[in-house]
Amino acid sequence: MESQLPFKRRFSFEFFPPKTENGMEKLREVRDTLARRKPDFFSVTYGAGGTTRERTLDTVFQLHDLGISTAPHLSCIGADRASITELLDQYKERGIQRIVALRGDLPSGVGVGAHGELRYANDLVALIRQHSGDHFQIEVAAYPETHPQASSAQADLLNFKKKVDAGATSAITQYFFNAESYFYFVDRCEKLGINLPIVPGIMPITNYSKLARFSEMCGAEIPRWIRKQLESYGDDLDSIGKFGTDVVTRMCEQLLKSGAPGLHFYTLNQAEPSLAIWDNLGLTDKIAF
Ligand code: FAD
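Just so you know, these numbers come straight off a predicted model, no measurement behind them. (Residues numbered from 1 in each chain as written. Predicted model: local features only at pLDDT ≥ 70, side-chain atom pairs only at ≥ 80, totals over all residues. Heavy atoms only, no water.)

Take the site of the ligand next. Near the ligand you find 24 residues, and of these Tyr46, Asp105, Tyr143, Asp156 and Lys163 are the closest. One of the backbone N or O atoms of Ala121 is found 2.8 Å from an oxygen atom in the ligand. A distance of 2.9 Å is found between an oxygen atom of the ligand and a side-chain nitrogen or oxygen belonging to Asn159. Contact with the protein chains removes 86% of the 970 Å² of surface that the ligand exposes when unbound. (Near = heavy atom within 4 Å. Polar contact = N/O pair within 3.5 Å; in protein donor to acceptor, adjacent residues only side chain to side chain. Areas by Shrake-Rupley, 256 points an atom, 1.4 Å probe, with all protein chains shown as cover.)

This is the structure in structure tokens:
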């Protein structure tokens, strides 16, 4: 893989919008802890089919107004253009400069006929550029291990290129535990002339059964040797956490040494698991690699 280091490295943390005031209070503490590491930005997810529209908006503004630039995720499936452009205007007005643009998935139980006016993420990227010009930096999703609904790895890659051609500025990957899949993906992108930072999405390992279920759904592979080790710990969360931190730290080291242009942590609204990796990597001064 050619190093992606001509791009400035950036480090970010992702949250989901809490459902309760208690959850929001906890997130504020997590945010304060993570903000001390001076990440480049936070991001806040958007529920399937827009189910968290107001909560995402509220969480983004609460985080953004307190100093760290915050990027809302925005998905287009099931939405109409007018509701999306209204959101874009609200974000622009409040000084938001970065958006994570996604197709998203329909909530379970909603028929596939309910796609809405924009079918794929490349349609959303095009709408954002058409409506807001160059105001937003647009992040899109990338899948080193191939999106689960893609007809083939090559088709998925060409679909990824459509988002880039529509105006994306950078990409964040689905999480993976096999650095080789990322290096291979970046190589294939380079061969297609895709030239934008592709930042690895990093999932700390804290709970094996939840991780296994989620990975099955989103098409992320847990290599056998990691699975076997995690299974052997049963309910011993302490050992799972220690092993997980070690494995993910090593992978991040490998990624950064080979020129990955930063890391994006899926925090699941917990500070400690991501911080343990961050601190192991010595990222506080961000020049360790
Ligand atoms: P797309 O890029 O549109 O791809 C979806 C599928 O359609 C792929 O199989 C692709 O190959 C195919 N495809 C794409 N374009 C075309 C085309 N023009 N013609 C034909 N086929 C096409 N989900 C949420 O609900 N909320 C979130 O906040 C959220 N945040 C995420 C953040 C990151 C970094 C990542 C990696 C994923 C996130 N997701 C989120 C999950 C994401 O919404 C799902 O993976 C979803 O199934 C695909 O979204 P996408 O933007 O990658 O879709």
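On we go.
So, on to the pairing of strand E5 (residues 137–142). Of all 6 residues in E5, 5 are buried; the element is thus mostly enclosed. One ladder, built from 4 bridges, connects strand E4 (residues 98–102) with E5; its direction is parallel. Paired with Val100 across the two strands is Glu139, which belongs to E5. One ladder, built from 4 bridges, connects E5 with strand E6 (residues 170–175); its direction is parallel. Each residue of the ladder has a partner; that of Ala142, found in E6, is Thr173. A crossover links E5 with its parallel partner E6, the connecting element being helix H5 (residues 153–165), and its sense is right-handed. (Buried < 20%, exposed > 50% of the residue type's maximum accessible area, 1.4 Å probe, protein only. Helix = DSSP H or I, 4+ residues; strand = E, 2+ residues; numbered from the N terminus. Pairing = 2+ DSSP bridges. Right-handed = clockwise from strand over helix to strand, strands pointing away.)

This paragraph deals with the side chain of Arg188. Inspection of the secondary structure assignment puts Arg188 in helix H6 (residues 179–191). Despite its burial, Arg188 pairs with no opposite charge; the closest candidate is Asp156, at 6.9 Å N-O. Those residues in contact with Arg188, other than ones at most four positions away along the chain, are Ala153, Gln154 and Leu157. (Lys, Arg positive; Asp, Glu negative; His and termini not counted. Salt bridge = Lys/Arg side-chain N within 4 Å of Asp/Glu carboxyl O. Contact = heavy atoms within 4.5 Å.)

What follows covers the side chain of Arg28. With respect to the secondary-structure elements, Arg28 resides in helix H1 (residues 21–35). Of the residues examined, Arg28 reaches a relative accessible area of 18% and is grouped as buried. One polar contact links Arg28 to Gln62, side chain to side chain, over a distance of 2.5 Å. Not counting chain neighbours up to four residues away, the residues in contact with Arg28 comprise Glu21 and Gln62.

What follows deals with the nonpolar core. Counting residues in hydrophobic clusters, the biggest one holds 80 residues, and the most contacted among them are Ile84, Tyr91, Phe160, Phe177, Ile198, Leu255 and Leu263. Ignoring any residue separated from it by four or fewer positions in sequence, one finds Tyr91 in contact with Thr56, Leu57, Val60, Phe61, Pro72, Ile96, Ile99 and Phe136. (Core = buried A, V, L, I, M, F, W, Y, C linked by side-chain atoms within 4.5 Å.)

What follows is about the packing of aromatic side chains. Tallied over the entire structure, the rule returns 15 aromatic pairs. In textbook terms, an aromatic cluster arises when at least three aromatic residues are bridged by ring pairs, as seen for Phe11, Phe13, Phe15, Phe42, Phe265 and Trp278. Between Arg94 and the ring centre of Phe61, over which it is positioned, the NZ or CZ distance is 4.1 Å. A cation sits over an aromatic face here: Arg98 above Phe41, 3.9 Å from the ring centre. (Phe/Tyr/Trp six-rings, centres within 6.5 Å; stacked < 30°, edge-to-face > 60°. Lys NZ or Arg CZ within 6 Å of the ring centre and 35° of its normal.)

What follows concerns the packing of helix H9 (residues 237–257) against helix H10 (residues 272–281). Remark: H9 packs on H10, axes separated minimally by 9 Å, with the N-to-C direction vectors making an angle of 50°. Relative to H10, the element H9 is oriented oblique. Taken as a pair, H9 and H10 cross one another with a handedness that is right-handed. On H10, the residues touching Thr245, Val248, Thr249, Cys252, Glu253 and Leu256 of H9 are Ala276, Ile277, Asn280 and Leu281. Within the contact of H9 with H10, the residues separate by chemical class into 6 nonpolar, 3 polar and 1 charged. (Axes fitted to C-alpha atoms, helices over the stretch in contact; angles between N-to-C directions. Parallel < 35°, antiparallel > 145°, perpendicular 65-115°, else oblique. Left-handed = near helix turned anticlockwise from the far one by under 90°. Nonpolar A, V, L, I, M, F, W, Y, C, P; charged D, E, K, R; others polar.)

In this structure, Lys38 takes a positive phi of about 55° despite not being glycine. Tracing the backbone shows Lys38 in the loop between H1 and strand E2 (41–44). Using a relative accessible area of 60% as the deciding quantity, one classes Lys38 as exposed. With phi around 80°, Thr146 is a residue other than glycine that occupies positive phi space. With respect to the helices and strands, Thr146 occurs in the loop between E5 and H5.

Our focus in this paragraph is the pattern of salt bridges. Oppositely charged side chains can pair when the atoms bearing their charge come close. For the coordinates displayed, the defined rule picks out 15 salt bridges. The residue Lys8 makes a salt bridge to Asp40 at a minimum N-O spacing of 3.7 Å. Residue Lys8 is located in the segment before strand E1 (10–15), and its partner Asp40 is located in the loop between H1 and E2; the two are separated by 32 residues in the primary sequence. A residue is classified by how much of its surface remains accessible, and Asp40, at 25% relative accessible area, is partly exposed.

Taken together, the 8 strands give a closed barrel; going around it, the order is E1-E2-E3-E4-E5-E6-E7-E8, and neighbouring strands pair in parallel fashion. In this sheet, adjacent strand axes meet at a mean angle of 30° when their direction is disregarded. Relative to strand E8 (residues 262–266), E1 is paired through 5 bridges, and the arrangement is parallel. Of the residues in E8, the one forming a bridge with Ser12 is His264. Each of E1, strand E7 (198–202) and E8 touches H9; the most contacted strand, E7, lies at about 175° to it.

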